[in-house]
Amino acid sequence: MREVIIACDFKNKETLYDFLEKLGDEKPYLKIGMQLYYAEGANLIKDLKAKGFKIFLDLKLHDIPNTVYSAMKVLGELDVDITNVHAAGGIEMMKKAKEALVETNASTKLFAVTILTSLNDQKLNDELKITGTVDEAVKAYALNTKAANLDGVVCSPYEASMMKEIGLLSLTPGIRFASDSADDQQRVATPAKAKDLGSDYIVVGRSITKADDPKAAYIKAKEDFK
Ligand code: C5P
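Within each chain, residue numbers correspond to sequence positions counted from 1 in written order. Reporting in this predicted model follows two pLDDT cut-offs: at least 70 for local features of residues, and 80 or more for side-chain atom pairs to be given and counted; totals over whole chains, interfaces and linings ignore these cut-offs and use all residues. Values shown for side chains rest on all heavy atoms present in the structure; no hydrogens or waters enter the calculation.

Peer 1: I'm lost on the packing of aromatic side chains in this one. Help?
Peer 2: To describe a pair of aromatic rings, you give the distance between the ring centres and the angle between the ring planes. The criterion for an aromatic pair is that two Phe, Tyr or Trp rings (for Trp, the six-membered ring) have centres within 6.5 Å, with stacked assigned to planes under 30 degrees apart, edge-to-face to planes over 60 apart and tilted to the rest. A full pass over the atoms with the stated rule returns 3 aromatic pairs. With a centroid separation of 5.8 Å and 85° between ring planes, the pair formed by Phe111 and Tyr201 is classed as edge-to-face. Taken together, the residues span a long stretch of sequence, with Phe111 in strand 5 (residues 109–113) and Tyr201 in strand 8 (residues 201–204) at a distance of 90 residues. Buried means the residue's accessible area, taken with a 1.4 Å probe over protein chains only, is under 20% of the maximum for its type, while exposed means over 50%, and partly exposed covers the values in between. The buried category is assigned to Tyr201, whose relative accessible area is 7%. Among the aromatic residues, those joined into a cluster by ring pairs are Tyr29, Phe111 and Tyr201. In this analysis the charged atom, NZ for Lys or CZ for Arg, is taken to sit over a ring once it is within 6 Å of the ring centre and within 35 degrees of the ring normal. The ring of Phe225 is capped by Arg2, whose NZ or CZ atom sits 5.8 Å from the centre of that ring. A cation sits over an aromatic face here: Lys51 above Tyr17, 4.9 Å from the ring centre. Under the DSSP-based scheme used, a helix requires at least four consecutive residues in state H or I and a strand at least two consecutive residues in state E, with every element numbered from the N terminus.

Peer 1: What am I meant to see in the pattern of salt bridges here?
Peer 2: It is possible for side chains of opposite charge to pair when their charged atoms get near one another. One side-chain nitrogen of Lys or Arg within 4 Å of one carboxyl oxygen of Asp or Glu is enough to make a salt bridge. Going through the model one piece at a time under the given rule, you end up with 15 salt bridges. With a closest N to O distance of 3.2 Å, Asp47 and Lys51 form a salt bridge. Among the salt bridges present, the one from Asp183 reaches Arg206, with a minimum N-O distance of 3.8 Å. Remark: Arg206 occurs in helix 10 (residues 206–209) and Asp183 occurs in the loop between strand 7 (169–172) and helix 9 (191–197); sequence separation between them is 23 residues. Arg206 gets classed as partly exposed once you look at its relative accessible area, which sits at 33%.

Peer 1: Is there a simple way to think about the sheet that holds strand 6 (residues 152–154) in this case?
Peer 2: Strands in a sheet are paired, the pairing made by backbone hydrogen bonds, and the direction either parallel or antiparallel. For two strands to count as paired, DSSP must find a minimum of two bridges between them. The strand order around the closed barrel built from 8 strands is 1-2-3-4-5-6-7-8, with neighbouring strands paired in parallel fashion. Each neighbouring strand pair of the sheet contributes to a mean axis angle of 25°, computed without reference to strand direction. Here strand 1 (residues 3–7) runs beside strand 8; their pairing, made up of 4 bridges, is parallel. Paired with Glu3 across the bridge in strand 8 is Tyr201. Contact between two residues is taken to exist if any of their heavy atoms lie within 4.5 Å; hydrogens are not considered. Under this scheme, a helix contributes an axis fitted over its contacting stretch, all axes are lines through C-alpha atoms, and angles between N-to-C directions fall in the 0 to 180 degree range. Its contacts with the sheet place helix 4 (residues 65–78) against strand 3 (54–61), strand 4 (82–86) and strand 5, and it is angled at close to 170° to strand 3.

Peer 1: How should I be thinking about helix 11 (residues 214–225) in this particular structure?
Peer 2: Residues spaced three or four apart along an α-helix face the same direction, because each turn holds 3.6 residues. For helix 11, with 12 residues, the first-to-last C-alpha span of 16 Å sits near the 16 Å given by 1.5 Å per residue. Those residues of helix 11 that sit buried are Pro214, Ala217, Tyr218, Ala221 and Phe225. End-on, the buried residues of helix 11 take up no more than an arc of 100°, which puts them together on one face. Along its buried surface, helix 11 packs onto strand 1, helix 1 (13–21), helix 9, strand 8 and helix 10. One less than the residue count of a helix, multiplied by 1.5 Å, gives the span that helix is expected to have. The arc in question is traced by the directions running from the helix axis to the C-beta atoms.

Peer 1: Just checking my understanding: could you explain the pairing of strand 1 for this structure?
Peer 2: Successive side chains on a regular strand alternate, one facing one side of the sheet and the next facing the other. For strand 1, a buried count of 5 out of 5 residues is recorded, marking the element as mostly surrounded by other parts of the structure. Burial of the side chains of strand 1 extends over both faces: Glu3, Ile5 and Ala7 are buried on one face and Val4 and Ile6 on the other. One ladder, built from 3 bridges, connects strand 1 with strand 2 (residues 29–33); its direction is parallel. Along strand 2, the bridge assignment pairs Ala7 with Lys31. Handedness of a crossover is defined as follows: with both strands directed away from the viewer, a clockwise route from the first strand across the helix to the second makes it right-handed. What joins strand 1 to strand 2 is helix 1, and the crossover it makes is right-handed.

Dropping the structure here:
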């Protein structure tokens, strides 16, 4: 089933709850990232779950396998719907993350971030000393993600069909309505285009959170992506 996830890039829970009020009786899937999680901690997640929201906890874990395993044991207790790690941590790290979720009996789906969209071929080669192109690295990291038996990857809508071929779900940011500005996103797609390209989940931030009518924008995203 396709789902629209709202990126909750807010500084604290008060701003988040002010925003959620504007959605009325809608109970969307929420992406809670490092900013809100570090500010508010696990209690925010428990509170949102008790209120009936689905949660993608976007903390992008990346450390040695044993440390990620221990951290994921803690996150597993929160039993969020989706969480994630960096594929750059390697196959063993991803396997340990998955193992921790299985051991806590969490129903959490585990996704991997491949190559950050803030990187390009030049930075990959010159700074990080990874040879080849970003596209090649994305594919290699996706194959590693599959080898570690994770559920999916965070990627561009334009990579969704490749992920499907590999057997991974795709969760895609970089979504804008046709009438919006792209802001700092490089390659954007509308919700309808993301659906055609094969995305399973779209992450929509400012196109909903900064809309004049966030509820109408959310409902439009859901309709267009259905
Ligand atoms: O406001 P906007 O729709 O651009 O928000 C997109 C969200 O997705 C932000 O929380 C951003 O950090 C996240 N994201 C992204 N591109 C990635 C990975 C995550 O835009 N490659």
